[in-house]
Amino acid sequence: MGFSIALIVFSLLLMLLVLMHKGKGGGLSDMFGGGMQSSVGGSSVAERNLDRITIVVAVIWFACIVVLALLMKLNG
């Protein structure tokens, strides 16, 4: 039960983080100062931190799926 709730929470968090990324027309990360610095050169600190957080959440999300699959296999 706990892993199901964690999967829902991490799914919603992952969707939010992906939507915050900068695309062709900019993203929500521009609200946090990413837009002004990224136009000067390279990616900003905010974009790099957003990338790192997204990767960590994606790994945790994947781990929840694997654990849930193993639990379903053992119980069923």
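All values derive from a computational prediction rather than experimental measurement. (Residues numbered from 1 in each chain as written. Predicted model: local features only at pLDDT ≥ 70, side-chain atom pairs only at ≥ 80, totals over all residues. Heavy atoms only, no water.)

A few points about the overall build of the protein chain
Our working rule: Strands are runs of DSSP state E lasting at least 2 residues, helices are runs of H or I lasting at least 4, and numbering of each runs from the N terminus. Should any heavy atoms of two residues lie within 4.5 Å, those residues are considered in contact. Computed with a 1.4 Å probe, the accessible areas rest on the Shrake-Rupley method; for each residue, only the protein chains presented here act as cover.
A tally of helices and strands in the protein chain yields three helices and zero strands. Excluding contacts between residues fewer than 6 apart, the proportion of contacts in the protein chain whose partners are at least 24 apart in sequence is 63%. Per element, the accessible surface of the protein chain, about 5,600 Å² overall, is 75% carbon and sulfur.

Section: the side chain of threonine 54
Note the following rule: Burial status follows relative accessibility: with a 1.4 Å probe on protein chains alone, a residue under 20% of its type maximum counts as buried, one over 50% as exposed, and anything between as partly exposed.
Looking at the secondary structure, you find threonine 54 in helix H3 (residues 45-75). Using a relative accessible area of 12% as the deciding quantity, one classes threonine 54 as buried. In this structure, threonine 54 is in contact with Leu14, Leu17, Val18 and His21, ignoring residues within four places of it in sequence.

A look at the nonpolar core
Basically, it comes down to this: Within this scheme, the nonpolar core is defined by two criteria: the residues are buried Ala, Val, Leu, Ile, Met, Phe, Trp, Tyr or Cys, and they are joined through side-chain atoms within 4.5 Å.
Leu14, Leu17, Met20, Leu50 and Val57 together form the largest nonpolar core, which totals five residues. Broken down by secondary-structure element, the contributors of at least two residues to this core are helix H1 (2-20) and H3. Looking at which element gives the most residues to this core, the answer is H1, with three residues.

Some points on a nonpolar patch on the surface
To be explicit about the condition: Patch rule: a residue counts if its relative accessible area is over 30% and it has no salt bridge; like charges are joined within 9 Å, and nonpolar side chains (Val, Leu, Ile, Met, Phe, Trp, Tyr) within 5 Å. Here, a salt bridge means any side-chain nitrogen of Lys or Arg that lies within 4 Å of a carboxyl oxygen of Asp or Glu.
On the surface, Met1, Ile5 and Val9 cluster together to form a nonpolar patch covering roughly 350 Å² of accessible area. Position of isoleucine 5 among the secondary structure elements: in helix H1.

Focus: H1
The line we're drawing: To estimate the expected span of a helix, subtract one from its residue number and multiply by 1.5 Å.
Between its first and last C-alpha atoms H1 spans 27 Å; for 19 residues at 1.5 Å apiece the expected length is 27 Å, and the two agree. Buried residues in H1 make contact with H3.

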